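Analysis of the macromolecular model
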Amino acid sequence: MASTLGRAEDSSPTDGRELTAIATDTAGFDRVLVAVDGETPAAVGRVAVAEAARHGARVDALSIVRMTASVDGWDMLVERREDSAETALEAVEDASAGTDVTVSKRLRYGDPAEEIARYAAHNDVDLVVIGEPTRTGLRRYLSPTSVTDRVRRASSVPVLTVPADD
């Protein structure tokens, strides 16, 4: 029995269409979500803007004001978190200066990982860019999983993590 591997007549016409569809789906990003807060290194916003510029995409800059059971209403702690979040969003917009990338700033309230994953799922986001925290010692003990880890698990789109500046 002769082998027919690699012969053109063995390929069906649908093979080419399937490969084209796959190639088209992975060709680029239309919408990049960058999640930032007051502790996010500036490199995270720069990477998100660079990826968006490379793919002709737009950037959604999202900052979440963490709301916990200990925060009751709009007190000084929430106002400080809002100010920090707004500063982080401005930094992403500043990173887009001199490029053709459009940045839309969004501020939300709640659990950061849940809100980031929810935003990505409901807004046709193609890529999430988020900082990789440096967690050592007590911080690692008190919070064994980071927001970044939780976003990676919850997201249905690729998540690009940017390491903290050393």
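Residues numbered from 1 in each chain as written. Predicted model: local features only at pLDDT ≥ 70, side-chain atom pairs only at ≥ 80, totals over all residues. Heavy atoms only, no water.

**A few points about helix H6 (residues 147–154)**
When we look at burial in H6, the residues that qualify are Thr148, Asp149 and Val151. Projected onto a plane normal to the axis of H6, the buried residues spread over an arc of 165° and lie on a single side. For H6, the exposed residues set more than 90 degrees away from the buried face come down to Arg153 and Ala154. Buried-residue contacts for H6 involve helix H4 (112–122), strand E4 (127–132) and strand E5 (159–163). (Buried < 20%, exposed > 50% of the residue type's maximum accessible area, 1.4 Å probe, protein only. Helix = DSSP H or I, 4+ residues; strand = E, 2+ residues; numbered from the N terminus. Arc of directions from axis to C-beta. Contact = heavy atoms within 4.5 Å.)

**Points about the nonpolar core**
Counting residues in hydrophobic clusters, the biggest one holds 20 residues, and the most contacted among them are Val32, Val34, Val59, Val92 and Val129. Only strand E1 (31–35), helix H2 (42–55), strand E2 (58–66), helix H3 (76–95) and E4 provide two or more residues apiece to this core. At five residues, the largest contribution of residues to this core is made by H2. Each residue touching Val129, except ones within four places of it in the same chain, is listed here: Val32, Leu33, Val34, Ala35, Val44, Val47, Ala48, Leu160 and Val162. (Core = buried A, V, L, I, M, F, W, Y, C linked by side-chain atoms within 4.5 Å.)

**What to know about the sheet that holds E2**
Read from one edge to the other, the open sheet built from five strands follows the order E3-E2-E1-E4-E5, with strand pairing classed as parallel. A single partner strand is all that each edge strand has here, and the edge strands are strand E3 (103–110) and E5. Geometrically, the sheet is characterised by an average inter-axis angle of 25° between neighbouring strands, direction not taken into account. Alignment of E1 against E4, held across four bridges, turns out to be parallel. Among the inter-strand pairings, Leu33 is bridged to a residue of E4, identified as Val128. Seen against the sheet, H3 touches E1, E2 and E3 and runs at an angle of roughly 165° to E2. (Pairing = 2+ DSSP bridges. Axes fitted to C-alpha atoms, helices over the stretch in contact; angles between N-to-C directions.)

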